[in-house]
Amino acid sequence: MMLLYKAWLESRARFLLGLLAMAGLSGVFVFFNHDVRTVVTDHDVSYAEYIWRGIFKGQLRDIYVVLTLLLGLGGLDRERSYGTAGHTLALPVSRWRLIAARGLTGIIETAILAILPASLVPALSPFVQESYPWRLALQFGALWTVGGILIFAISFLASVLFSGEYSAAIAAIILLVGYSITTDLPGMEHYIVDVHDVMNGSGPHGPTTLAAISIMAVATIWLAGYITTRKDY
Amino acid sequence: MDYVIETRDLSKQFGTVQAVTGLNLRVTRNQVTGFLGRNGAGKSTTIKMLLGMTHPTSGSGLLLGHSITDPKQDLEARRQVAYCGEDKQLYAYMTVKQLINFTASFYPDWRSEVAASLLDQFQLPPGRKVKALSKGMRTKLSLLLALARRPALLILDEPTEGLDPVAIEELLQTLAGSPADGTTVFFSSHQISEVERIADRVCIIDRGKLAVDLSLDEIRQDHRRITLSFCRQPPEHLFDLPEVRSIETNGSQMIVVSSHGVDAVVERAKTAGAVVVDIVPVNLRELFLWTVQDHK
C-alpha cells in the first residue's frame, strides 16, 4: 500500500496538472463551442460531430496522449539519477513489487484522465443548451483508457531502457511517432492496429482488438519489470 | 566464528572495468568493522552487491546467512539490514514525517519511540519537505531511518560525510554502542581517524581486492615500521619475506613495514650491514597508505 502511496506522490504533480488541463480544455470546448467550432471544423457540423472532431479525435486526444507519455516516465532509473535508488532498493520489497505499484498507479491515473472529458462533456453540454449522449461519451472514455494504457506502457518501458532525464521521454515520443507513421503506410492496416484510430472510434474497436491492446500493454509493462530485475543500480 | 557478511571470490565487472576482483570478505557478528579504500577501490560496489542492488559477475556471498545472488533470499536478508547510502538522497517530495511513516511501514520491528527520540535529538522538523533539508540534516534523517529499527546489521557508506563535528561525535558514539544492542556495524569511510576510533576490525580494499583484514589490536600489536640505514645502496631482494607488507627505499635509507617477525627483518638487516634506526608501532593511517600506495 505504501508503495502505491510513493508512486502517487511521485506522479501526482504530473497527474494533477494533466487533470487540470483536461478539465479546463473540456470546459472550453463545451462553453465556447461557437467560437472554437470555427477553429476545429466547419461551422455547419452538428454539436456531436464538433465534439468528436475537437475532443475525442482532435486536439484534446493529442494532449491526452502526451500526458499519458509523461505519466509513464520515472522509476528506478530516474531515482538513480536523483540518488534515491539506494534507499528504495534497500527496502525489503522485490523489484517486481516496485514495478507493479508504479504500473498500477499509472494505469489508474491514465484511466481517470480518459474518463474525465468523457464525463464532463455530457455533464456540461446542457449548460449551453446542447446535449451529448452519456453512453457515447463513456464509450470514448473506455477507448481512450485502453489506448492510453498502451501509450503509458510504451513510455514506462522507455523509462527502463533509457535512464537519462530527457532521453526516456524523447525515446517514447520517437517510438510513438514511428508507430503512427508505420500504421499510416499503405496496406499496414491489415497488420497493425492504429491505436489513435481505436481511441477515436474510427478504427477497429471490438472486444478482441481492445483485449489485444490491453494484453500488449501488460506485456510491455512486464518486459519493463523483467529488465528492471536484471539491471544494476 | 559467526559472520554476518561472507563473500567468496566475489567479482564485478562493468564493461572493461574490473570493479571488484575475487573478494573474500568476512564480517564478524557484533563488531564494528571499518571498510577502507581509495576512491573507486570497490567499496560501494561491494556494498551494492551485498544488498542486491548490483548483480555480481561471479562469485557468491552470504548476508546474514542468506545468499546475495538469490533475489528471494536477499530480500529476506534486507528485512534485517539497515542501509545508509553514500548519496544521502531521500525522496525530495516527501516531508520528514511522511518519509518516516513510509519507511516504518516496511519493518514490523520499527521502534517509534526511538524514531521520536532521534527526531528530537537530531532536531529534524517533521513537517519540512526533504528537499528543503540541508545535506547534514538529510544525513541525520537517513541515520534515523536506519537506527529506528533494531537491525541485525547496519551498513553505512561514508556516514559522517556532510555532518558537523558535534553530529559526527554523536554518530560515532551511537555506532560504537550498537554491537551492545545486537547490531553489527559495517561502514565505509575515508576518515581513517574515525575508523580507528570505533572499529574493532578493519578491511582495506585496494583495486577491487581485499588487501587487509585485521583487528585494530592486531595492527597495534603486530605491525612495526622499521627504519634502516645502509652505508651503500641496499640490496633489492633482502626482505622477500611473507611478513613484510611494504618497503620504501630512499637513498641509503629503507623503511620496512612488517606484520610479524620484526626479529627476522632486523637479523637480515644486520647481516647486510644495516643500522637499525627506529622500530615503532604502525597506526592505521600508515598501514592504509602503505597498503594502497604500493611501495613494495
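Residues numbered from 1 in each chain as written. Chains lettered and ligands numbered in written order. Predicted model: local features only at pLDDT ≥ 70, side-chain atom pairs only at ≥ 80, totals over all residues.

1. Quick look at the overall build of chain B
Secondary structure summary: chain B contains ten helices and 15 strands in total. On the principal axes, the C-alpha backbone points of chain B span a range of 70 × 40 × 35 Å. When the 296 residues of chain B are sorted by exposure, 43% land in the buried category. Long-range pairs, those at least 24 residues apart, make up 69% of the contacts in chain B between residues at least 6 apart in sequence. (Helix = DSSP H or I, 4+ residues; strand = E, 2+ residues; numbered from the N terminus. Buried ≥ 20, exposed ≤ 12 C-beta atoms within 10 Å, placed from the backbone. Contact = placed C-beta atoms within 7 Å.)

2. Digging into the overall build of chain A
Along its length, chain A carries eleven helices and zero strands. The secondary structure elements of chain A, listed N-terminal to C-terminal, are α-α-α-α-α-α-α-α-α-α-α. Taken over the C-alpha trace, chain A has a radius of gyration of 19 Å; the compact-globule value for 233 residues is 17 Å, and the two agree within 12%. Counting over 233 residues, chain A shows a buried share of 42%. Of all intrachain contacts in chain A linking residues separated by at least 6 positions in sequence, the fraction that spans at least 24 positions is 74%. (Rg over C-alpha atoms; globule rule 2.2 N^0.38 Å.)

3. Quick word on the confidence of the model for chain B
Close inspection of predicted coordinates is inappropriate for parts of the model with low pLDDT. Per-residue confidence for chain B gives a mean pLDDT of 89; residues scoring 70 or more make up 98%. Both scores are given for the predicted complex: the pTM is 0.85, the ipTM 0.83. (pLDDT = per-residue confidence, 0-100.)

4. A look at the sheet that holds strand β13 (residues 244-250) of chain B
Residues and elements named next belong to chain B. Here we have four strands laid out as an open sheet, ordered β13-β14-β12-β15, and antiparallel in their pairing. Two strands close off the open sheet at either side, each with one partner strand: β13 and β15 (275-281). Averaged over all adjacent pairs, the angle separating strand axes in this sheet is 15°, with direction ignored. Pairing of strand β12 (residues 224-229) with β15, which is carried by six bridges, proceeds in the antiparallel orientation. Looking at the pairing, S229 lines up with V275 of β15. (Pairing = 2+ DSSP bridges. Axes fitted to C-alpha atoms, helices over the stretch in contact; angles between N-to-C directions.)

5. Looking at the interface of chain B and chain A
Contact with chain B, which involves 19 residues of that partner, is made by 18 residues of chain A. Among the elements that take part in the side of chain B that touches chain A, helix α2 (residues 71-78) of chain B stands out by supplying three residues, more than any other.

6. As for the sheet that holds strand β10 (residues 201-206) of chain B
All names here are of chain B. Taking strand neighbours across the sheet as the criterion, the six strands line up as β7-β8-β9-β4-β10-β11 in an open arrangement whose pairing is mixed. One side of each edge strand has no neighbouring strand; the edge strands of this open sheet are β7 (81-84) and β11 (209-215). Each neighbouring strand pair of the sheet contributes to a mean axis angle of 15°, computed without reference to strand direction. Sheet analysis places strand β4 (residues 32-37) next to β10, joined by five bridges and oriented parallel. Note that in β10 the partner of L36 across the bridge is I204. Of the strands in this sheet, β4, β10 and β11 touch helix α10 (residues 284-293), which is tilted by about 25° from β10.

7. Points about the pairing of strand β14 (residues 253-258) of chain B
Residues and elements named next belong to chain B. Pairing of β12 with β14, which is carried by six bridges, proceeds in the antiparallel orientation. Within β14, the position partnered with R225 by the bridge is V257. Relative to β14, β13 runs antiparallel, the two being bridged by six bridges. Within β14, the position partnered with I247 by the bridge is V256. Counting the residues in the hairpin turn of β13 and β14 gives two residues, including G251, whose phi is positive at 65°.

8. Thoughts on the packing of helix α1 (residues 2-31) of chain A against helix α4 (residues 59-72) of chain A
Residues and elements named next belong to chain A. The contact between α1 and α4 brings their axes to 10 Å, and the two run at 175°. Looking at the two axes, α1 sits roughly antiparallel to α4. Contact with α1, carried on its side by S11, R14, F15, G18, A21, M22, L25, S26 and F29, involves L60, I63, Y64, L67, L70 and L71 of α4 and no other residues of that element. For the contact of α1 with α4, the per-class residue count stands at eleven nonpolar, three polar and one charged. (Parallel < 35°, antiparallel > 145°, perpendicular 65-115°, else oblique. Nonpolar A, V, L, I, M, F, W, Y, C, P; charged D, E, K, R; others polar.)

9. Focus on the pairing of strand β8 (residues 153-157) of chain B
Residues and elements named next belong to chain B. With five of five residues buried, β8 is to be regarded as a mostly interior element. The side-chain alternation of β8 yields two buried faces, one formed by L153, I155 and D157 and the other by L154 and L156. Relative to β8, β7 is paired through four bridges, and the arrangement is parallel. Directly across from Y83, in β8, lies its bridge partner I155. Pairing of β8 with strand β9 (residues 184-188), which is carried by five bridges, proceeds in the parallel orientation. Counterpart to L153 in the pairing with β9 is T184. Read from β8 through helix α6 (residues 165-177) to β9, the crossover connection turns out right-handed. (Right-handed = clockwise from strand over helix to strand, strands pointing away.)

10. Some points on the nonpolar core
Of all hydrophobic cores here, the largest spans 136 residues; its most connected members are A153 of chain A together with V81 and V256 of chain B. Examining the composition of this core, we find that 15 residues originate from one element, helix α8 (residues 134-161) of chain A, more than from any other. Residues contacting V81 of chain B, with those up to four places away along its chain left out, are L51, L63, L64, P151, L153 and I155 of chain B. (Core = buried A, V, L, I, M, F, W, Y, C linked by C-beta atoms within 7 Å.)

11. Examining unusual backbone geometry
Phi is positive for Q129 of chain A, close to 55°, though the residue is something other than glycine. Tracing the backbone through its elements, the reader meets Q129 of chain A in the loop between α7 (95-124) and α8. One non-glycine residue, D9 of chain B, lies in positive phi territory at about 50°. You can see D9 of chain B is positioned in strand β1 (residues 3-14).

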